[in-house]
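Residue strings, one per chain:
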Amino acid sequence: RSVNIVAFGNERDGFSEDNQQPSLIWSYLGRSALISQIDSSLSASHVGNPVFTEYQACVFGNVRLVVHDCPVWDIFDSDWYTSCRLIGGADIIVIKYSVNDKTSFQELKDSYVPMVKKALNHCSVPVIISAIGARKNGVPCTCPLCTSDRRSCVTTSEGVQLAKELGATYLELHTLNDFYIQKYFGGVLEYFMIQSLNQKSSEKMKKRKKTQKCHRVQPPQLEQPEKMPILKGEASHYNADLHNLLCCCQCADVAFYPEDLSTAVEAHKIILCSVSHLFMLLFGVKSPSDAQDASVVQLAQSLFAVEPGDPFPSSPRGVPACVPPVRVVVKDSVFCSCLPDILHFIYSGAFQWERLEEDIRKKLKDPDKTEHVLEKVKCILKTPGKLNTVKDCKSHQIKRLYNTSLRLFFNTPVLADVIFKIQGASVPAHRAVLVARCEVMAAMFNGNYLEANSILVPVYGVSKDTFLSFLEYLYTDSCCPASILQAMSLLICAEMYQVMRLQHICELYIITQLQSMPSRELASTSLSIVSLLKKAKFHNSDCLSTWLLHFIATNYLIFSQKPEFQELSVEERNFVEMHRWPSNLYLKQLADYRNYIHSQKCHCTVM
């Protein structure tokens, strides 16, 4: 017997410096007298980014307890399928938050509660909402970029309202001591554990009674269809792609120099402008009159000087590839010496502020100079009305903002240096983003090809809408197909440009949509699954083509009645017949059983 618990959320304050504070789950497992043999392990989507911690223990003597503690809600954005799998297998769900982090609570309420509702669907899984911490009314932070409402607390009524929306049990834990952990939180959690075990025992007894109910000739048992091949998603390498762009300096269109012009550090306007209003002013994307903060204009004028005579991308057609980089003189010598580290920090996308602090501290070896440079970096990254601090923000929140910022330049002529001509329409783009995110385009724009020195690049074999969805993925690392056919078109485009992760995303979307389709809809749909199979094979989507063959075999009685079934090749037909469900053997046994029942009806069962 086992109980599965899934916990979401972070009980620590967003601006607390106590990173050693034990979590709610670990505190309960360590304090409860019912728990023994605790073991834990980390699971990660990629190295350095833990998604959840898995705890295994024994409860009530011999019951296996499995707990998945997910402190970062980002799992719903980066890996929807894993989050749905965790919720689907949960017997109890715990949602926790700090009463002193209003921003995280609002994000939970607005963005993630609807996702939890969708994942729960019609499941009757008990949910516990734990509001953790004693409410504070401290002095607000004077850091130049702190949000104005970070000091406000989450009220009890707000927590109770959230619990009502989810049909959950609401608890307030002012501190993680023995009373709140064992008596209060532990008592509620253990009550739901017992309820879950009783329900499982009841269901097991019902199944046992059904099997023992009748000793007469039983109907043939229909075995479950063969398990579909599992298609695993590929981890994102969006940040690594942009960081590699800085390292290789391809398509660089700006060069920073010290005042003596002794050295040069190359970069890309599109990346710099996507994270900073100051660089937008510097490179003419915005005018000083558009600036909402005069300090940003003053810093741009005091810190940088663009050499006169260098061309700016004022034309919507973009600038030719042969134009040399814009030369920018950095007036502050100390800041200029740290510029390579600052650019690596910006291009990394993860905004690892502590690492930047350490690198600059080691380079300058002077606390005053270090603080001077870091303050200028904060002002450069200052976004009025949206982001007010770097140091106190969580890396996954900044990462989402970073992707959204680069989205601002998607399908716009601002800073564009290439225009795709497709189906009579013009689609502006930026070589730096294309080269960083797509190896085929990197070869096209940097090799001995006509496109390397052309502004206009024709695109064939794909529709405008599909190509726009493809470019949107390159800019934002996300895509949302509207239908199975659109996902297949995007898959073909991804295969054309060898963007394998996008191809896998489209495969997962097609599989998910088909799996959720009811049998009645599957029988009446005009969508040709065999046609999807042919396209998947032709475009080297081996995982999807294998899955579609299993899908046809699993739904044999539906697809064998459709005209498209005849379009299968001999090899495909043999595979489907071999793995069909239900099998020929079962159908024969079912026919024999029906004949037996019919023959029994001809005799009097009383005499």
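Keep in mind the model is a prediction, meaning the values are calculated, not measured.

### Considerations on the overall build of the protein
Helix and strand content of the protein: 26 helices and 14 strands. Within the span of the protein, comprising 607 residues, buried residues form 47% of the whole. Expressed as a percentage of contacts within the protein between residues at least 6 apart in sequence, the contacts between residues at least 24 apart total 69%. As displayed, the protein offers around 31300 Å² of accessible surface, 53% of which is attributable to carbon and sulfur atoms.

### Concerning the pattern of salt bridges
Across all of its chains, the model carries 17 salt bridges by this definition. One salt bridge in this structure joins Asp91 and Lys200, with 2.9 Å as the shortest N-O distance. Taken together, the positions of Asp91 in the loop between helix H3 (80–88) and strand E5 (92–98) and Lys200 in helix H6 (residues 178–213) put the pair 109 residues apart, joining distant regions of the chain. Classification of Asp91 as buried rests on a relative accessible area of 16%. Look at Lys200 and you get partly exposed, because its relative accessible area is 30%.

### Focus: unusual backbone geometry
The bulk of non-glycine residues show a negative phi, and the bulk of peptide bonds are trans. Omega for the peptide link from Trp581 to Pro582 comes to 0 degrees, which places this bond in the cis form. Counting through the fold element by element, Pro582 comes out in the loop between helix H25 (570–579) and helix H26 (584–600). Within the chain, Leu261 stands out as a residue other than glycine whose phi angle is a positive 55 degrees. Tracing the chain through its elements places Leu261 in the loop between strand E8 (254–257) and strand E9 (265–267). A relative accessible area of 38% places Leu261 in the partly exposed class.

### Brief notes about the confidence of the model for the protein
Counting all residues, the mean pLDDT for the protein is 81, and 82% of those residues have values of 70 or more. Low pLDDT, under 50, characterises residues 44–49; the stretch is placed with 6 contacts to residues that sit more than four places away or in other chains. Counted against residues more than four places away or in other chains, residues 310–321, with its pLDDT under 50, gives 27 contacts.

### With respect to the side chain of Thr476
Relative to the elements of secondary structure, Thr476 occurs in helix H18 (residues 464–476). A distance of 2.6 Å separates a polar side-chain atom of Thr476 from the backbone oxygen of Glu472. Polar contacts involving the side chain of Thr476 include one to the side chain of Ser478, which spans 3.2 Å.

### Examining the sheet that holds strand E13 (residues 425–429)
The 3 strands lie next to each other as E13-E12-E14, forming an open sheet whose pairing is mixed. Pairing within the sheet leaves two strands with one partner each, and these edge strands are E13 and strand E14 (456–458). Shown here is a sheet whose adjacent strand axes are inclined to one another by a mean of 30 degrees, direction ignored.

### Comments concerning the sheet that holds strand E10 (residues 304–306)
One key point about sheets: their strands pair by backbone hydrogen bonds, in either a parallel or an antiparallel sense. With mixed pairing, the 4 strands of this open sheet are ordered in space as E9-E8-E11-E10. Two strands in the sheet have a free side with no partner beyond their single neighbour: E9 and E10. With direction set aside, neighbouring strand axes in the sheet form an average angle of 30 degrees. Across 4 bridges, the pairing between E8 and strand E11 (residues 326–330) is parallel. Looking at E11, one finds that Phe256 is bridged to Val328. The strands touched by helix H10 (residues 294–303) within the sheet are E10 and E11, with E10 carrying the most contacts at an inclination of about 70 degrees. This element, helix H12 (residues 339–348), spans E8, E9 and E11 of the sheet and lies at about 20 degrees to E9.

### Re the environment of Ile181
Turning to its location among the elements, Ile181 is positioned in helix H6. Note: C-alpha distance between Ile181 and Ser27 (154 residues apart in sequence) is 7.1 Å.

### Here we look at the packing of helix H22 (residues 529–538) against helix H23 (residues 542–554)
Remark: H22 packs on H23, axes separated minimally by 8 Å, with the N-to-C direction vectors making an angle of 155 degrees. For the element pair H22 / H23, the angle class is roughly antiparallel. Helix-helix and strand crossings are classified by hand; for H22 and H23 the assignment is left-handed. Across the interface between the two elements, Ile529, Val530, Leu532, Leu533, Ala536 and Lys537 from H22 touch Leu544, Ser545, Leu548, Leu549, Phe551 and Ile552 from H23. A class-by-class count of the residues in the contact of H22 with H23 yields 10 nonpolar, 1 polar and 1 charged.

### Things to note about the packing of H12 against helix H13 (residues 353–364)
A pair of packed helices is characterised by two quantities: the angle between their axes and the separation of those axes. Packing of H12 against H13 brings their axes to within 10 Å, and their N-to-C directions diverge by 170 degrees. Here H12 is positioned roughly antiparallel relative to H13, judged by the angle of their axes. Within the contact between the two elements, H12 uses Asp341, Ile342 and Phe345 and H13 uses Trp353, Leu356, Asp359, Ile360 and Lys363. Looking at the contact of H12 with H13 residue by residue, the class counts come to 5 nonpolar, no polar and 3 charged.

### Considering helix H20 (residues 500–515)
Along its 16 residues, H20 runs 23 Å from first to last C-alpha, staying within 8% of the 22 Å computed at 1.5 Å per residue. Where H20 is concerned, the buried positions are Arg501, Leu502, Gln503, Cys506, Glu507, Leu508, Tyr509, Ile510, Ile511 and Leu514.

### Topic: the environment of Pro220
By the secondary structure assignment, Pro220 is in the loop between H6 and helix H7 (238–248). Taking the C-alpha atoms as reference points, Pro220 and Leu585, 365 residues apart in sequence, are found 9.9 Å from one another. Those residues in contact with Pro220 that lie beyond four places of it in its chain are Tyr586, Gln589, Leu590 and Tyr593.

### Thoughts on the pairing of E8
Going residue by residue along E8, you find Val254 and Phe256 tucked away on one face and Ala255 and Tyr257 tucked away on the opposite face as well. The pairing of E8 with E9 spans 3 bridges and is antiparallel. Residue pairing for E9: Ala255 is matched across the bridge by Glu266.

### Details of the packing of aromatic side chains
Across all of its chains, the model carries 18 aromatic pairs by this definition. Look at Phe345 and Trp353: their rings are 5.7 Å apart centre to centre, the planes differ by 70 degrees, and that puts the pair in the edge-to-face class. Comparing Phe345 with Trp353, the two get one shared label, buried. Joined through ring pairs, the aromatic side chains of Phe256, Phe279, Phe283, Phe304 and Phe335 make up one cluster. Its end group placed over the ring of Tyr257, Arg327 keeps NZ or CZ at 4.7 Å from the ring centre.

Conventions and cut-offs
- Residues numbered from 1 in each chain as written.
- Predicted model: local features only at pLDDT ≥ 70, side-chain atom pairs only at ≥ 80, totals over all residues.
- Heavy atoms only, no water.
- Helix = DSSP H or I, 4+ residues; strand = E, 2+ residues; numbered from the N terminus.
- Buried < 20%, exposed > 50% of the residue type's maximum accessible area, 1.4 Å probe, protein only.
- Contact = heavy atoms within 4.5 Å.
- Areas by Shrake-Rupley, 256 points an atom, 1.4 Å probe, with all protein chains shown as cover.
- Salt bridge = Lys/Arg side-chain N within 4 Å of Asp/Glu carboxyl O.
- pLDDT = per-residue confidence, 0-100.
- Polar contact = N/O pair within 3.5 Å; in protein donor to acceptor, adjacent residues only side chain to side chain.
- Pairing = 2+ DSSP bridges.
- Axes fitted to C-alpha atoms, helices over the stretch in contact; angles between N-to-C directions.
- Parallel < 35°, antiparallel > 145°, perpendicular 65-115°, else oblique.
- Left-handed = near helix turned anticlockwise from the far one by under 90°.
- Nonpolar A, V, L, I, M, F, W, Y, C, P; charged D, E, K, R; others polar.
- Expected span 1.5 Å × (residues − 1).
- Phe/Tyr/Trp six-rings, centres within 6.5 Å; stacked < 30°, edge-to-face > 60°.
- Lys NZ or Arg CZ within 6 Å of the ring centre and 35° of its normal.

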